[in-house]
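One-letter residues, chain by chain:
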Amino acid sequence: MCGIVAYIGRKQAIPVLLEGLKRLEYRGYDSAGVGVMDGGLKVARAVGRVRVLEEKIDETGGLPGTLGIAHTRWATHGGVTEANAHPHRDDRGKGHGIAVIHNGIIENYAVLKKYLEENGHTFTSETDTEVLAHLIGELYRGDLEKAVQAALREVTGAYAIAVICEKEPDTLVVARKGSPLMVGVGNGEYVVASDSSAIVAHTTQAFTLADYTVAKLTRESFRTSTIDDVEITPEVRELEFELAELDLGNFDHYMLKEIHEQPRALRMCLQGRIDVRGGEIVLGGIAQHARTLANTKRIVLVGQGTALHACMVGRYLMEDMAKIAAEADFASEFRYRNPIVDFGTTIIAVSQSGETADTLAALQEAKQRGALVLGIVNAVGSSIARETDAGIYLRVGPEIGVASTKAFTGQVMTAAMLALFIGRRRYLSQEYVGKMLGELAAIPDKIQRVVDASDTIRSIVAKHVERENWLFLGRGINYPVALEGALKLKEISYIHAEGMPAAEMKHGPIALIDSGMPAVFIATRNSQYEKVLSNIAEVRSRGGHIIAVATEGDGHIGTVAQDVIYVPDAPEQLQPMVNVVPLQVLAYHAAVMRGKDVDKPRNLAKSVTVE
Ligand code: AGP
């Protein structure tokens, strides 16, 4: 995905735009660019981080103007080049001085490009966005808002766009479908951005554009309408977002900060939702569906990446505590599989950003097949949160590091609350639920003890950080934890890491074991502990180097594993929230030791809003 910022008001636009881009840089950071209106349109673009663009603007003596648009790119169509960086313009000279920035994909751009080329347009980039700029230019008849509406009626795909035009130097037009866009309403000014982190420094009043909505902004007022020019009135609301939450504090990276935040974040996730003594869970967002959930026949949890791993843990929790048949699936696979979704099926979409395109599409597919669709989402007011029938917000605070940490433990914590909520309305006693809620409430302190043991983990990592291939193995509810540990390591240190069920190793992957190969086992005391010990022996006997995540006080594990990371004991169902933390810390130290950009790993973006 990409980051979009736009400003119209009385302040100089560049400082607002660049500060906003830095807030959104986690969304994509291949290249960046700005377009500013000051008598005429001036554009500056650069490959690399926002700071490279900033230096370029400084070199040109700055770009004055109080109307501007800015973009940080995660490449989809076209390589990482300055020519492909946004803003994109309609024909230079012959055009109307139109500049466009875009997050999303214009799926029918090739057909449109052919039509435009046949009508004399020439292109300077490989992007779908430039086609949109030329299309708006082609349809411009003196009214930018109308030209944008007309162009958007011709396109298919996803877009969040901001458009300016030399012939209308006091107008900013923005629009969205499928990609997030929010309009901050200030005093005689508007700040438009992909999410609230780039807005809250200027105003806490904002509205989210609905799909197929266009907003025309001037310094005096705004007008919102559909792409068919039907006027609509957006709901302006107070942003629940503290800028201070975005401060890095004394940490070197957001990922480290967010690992350390987990105890507090999970307490926030639980706050006001559990009654230990009464054995009750209060989930206001889904209370209206309690009876449906109690009678649901099947639960399907869908997500991508880390969110999928949380879905996989949630699947165990739904079966074990809600006593409902459950499965977890890649949202991208679910949506194209012609899934069986019948009456009595509940779909749970899990997403930190609430903007993952495949997860959004999967829940839309399930909805139209009649399922009840719930969301477990962190970003308030996000597309997935708004599309579901009901949901539960994580409340773990904004997660900036591309590698998801507190969102994962928050997703698992929320899934556990939901499973107990449903289970209490089916077979679970008040006593059992009360006991489990007490154990849930104890998880943050247990995580704190693991976070405090970071130095031990760093010393273990240092012994193996040059190894290019790692295995992560777990059984049962710890199998998704193994997958999550492998994902963390590979996505920030670029080490190849593979997670799998410990029992699966014998069916092929054991061939990978060579002398000293790091094999991380989730070996905490549980119903499959003895089986995990056998798997450890199989790897050890072939030269693998065993790193075990084990239960404090386990006197045996040290005789079979060369390195042991001890974690506090918790009920088997809740142990994943504790067991994942050493793997997060391990990945963090490996990335730092290998000199990688922990918060902005190559090729990645925080949320994938394209398919
Ligand atoms: C996790 O560390 C990755 N950054 C990625 O797998 C992420 O979990 C995935 O893209 C899903 O994002 P979401 O939770 O915002 O939907």
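Scroll up to find the structure this text is about.
Residues numbered from 1 in each chain as written. Predicted model: local features only at pLDDT ≥ 70, side-chain atom pairs only at ≥ 80, totals over all residues. Heavy atoms only, no water.

(A) Up close: the nonpolar core. Formed by 92 residues in total, the largest nonpolar core has its most connected members in M318, L418, L440 and F472. Element by element, the count of residues in this core is highest for helix α12 (residues 406-424), at 12 residues. Among residues more than four places away in sequence, those in contact with L418 are L283, I286, L293, M318, I348, L374 and I392. Y26, V34, A70 and M182 belong to the second-largest nonpolar core, a separate cluster that totals 37 residues. (Core = buried A, V, L, I, M, F, W, Y, C linked by side-chain atoms within 4.5 Å. Buried < 20%, exposed > 50% of the residue type's maximum accessible area, 1.4 Å probe, protein only. Helix = DSSP H or I, 4+ residues; strand = E, 2+ residues; numbered from the N terminus. Contact = heavy atoms within 4.5 Å.)

(B) Expanded view of the environment of R10. Here R10 lies in the loop between β1 (3-8) and α1 (13-24). The sequence separation of R10 and A175 amounts to 165 residues, and the corresponding C-alpha distance is 22 Å. Contact partners of R10, with chain neighbours within four places excluded, come to T66, G188, R219 and E220.

(C) Expanded view of the site of the ligand. Around the ligand, a shell composed of 14 residues is seen, among which S351, S353, T356, V402 and E491 lie nearest. Contact distances for the ligand include 2.7 Å between a nitrogen atom and a backbone N or O atom of V402. A distance of 2.4 Å is found between an oxygen atom of the ligand and a side-chain nitrogen or oxygen belonging to E491. Looking at the shell around the ligand, the elements with two or more residues in it are α8 (305-322) and α15 (479-493). (Near = heavy atom within 4 Å. Polar contact = N/O pair within 3.5 Å; in protein donor to acceptor, adjacent residues only side chain to side chain.)

(D) Geometry of empty space enclosed by the protein. Considering all chains together, one arrives at two cavities of 30 Å³ or more under this definition. Here the largest cavity defines a volume of roughly 100 Å³. If you trace the largest cavity, you find 14 residues lining it, with C2, W74, T76, H86 and G104 closest to the centre. With three residues, strand β6 (residues 98-106) is the largest single contributor of residues to the lining of the largest cavity. (1 Å grid on protein atoms, 1.4 Å probe; cavity = no way out; pocket = protein on both sides within 12 Å on 5 of 7 lines; lining within 4 Å. Points joined across faces, edges and corners; volume = space filled by probe spheres on them.)

(E) A look at the pattern of salt bridges. Tallied over the full model, the rule gives 35 salt bridges. Across the pair D143 and K146 runs a salt bridge, and its minimum N-O distance is 3.9 Å. Judged by its relative accessible area of 25%, D143 falls in the partly exposed class. In this structure, the salt-bridge partner of E484 is K488, at a minimum N-O distance of 2.6 Å. Taken together, the residues E484 and K488, both in helix α15 and four residues apart, mark about one turn of the helix. (Salt bridge = Lys/Arg side-chain N within 4 Å of Asp/Glu carboxyl O.)

(F) Just unusual backbone geometry, in detail. For the bond from H86 to P87, the omega torsion is 0 degrees, close enough to zero to count as cis. Position of P87 among the secondary structure elements: in the loop between β4 (67-73) and β5 (88-89). Look at R395: it is not a glycine, yet its phi comes out positive at around 65 degrees. The topology assignment puts R395 in the loop between β22 (390-393) and α12. When its relative accessible area of 40% is taken as the criterion, R395 is described as partly exposed. Unlike most non-glycine residues, Y494 shows phi in positive territory, near 65 degrees. Relative to the assigned elements, Y494 resides in the loop between α15 and β24 (496-501).

(G) Molecular detail of the layout of surface pockets. If you add up the space inside the largest pocket, you get close to 840 Å³. Considering the residues around the largest pocket, the lining is formed by 45 residues, among which S196, F241, N378, A379 and V380 are closest to the centre.

(H) Seen up close, the sheet that holds strand β19 (residues 325-330). Read from one edge to the other, the open sheet built from five strands follows the order β19-β18-β20-β21-β22, with strand pairing classed as parallel. Since the sheet does not close on itself, it has two edges, and those belong to β19 and β22, each with one partner. Strand-to-strand, the axes of this sheet are offset by a mean angle of 20 degrees, without reference to chain direction. As defined by bridge partners, strand β18 (residues 298-303) adjoins β19 across six bridges and the pair is classed as parallel. By the bridge assignment for β19, R298 is matched with A325. (Pairing = 2+ DSSP bridges. Axes fitted to C-alpha atoms, helices over the stretch in contact; angles between N-to-C directions.)

(I) The arrangement of the side chain of H464 in detail. Note on placement: H464 falls in helix α14 (residues 454-464). On the accessibility criterion, H464 (5% relative accessible area) is buried. What H464 contacts, discounting residues up to four positions off in sequence, is W470, P518, H545, I547 and D563.

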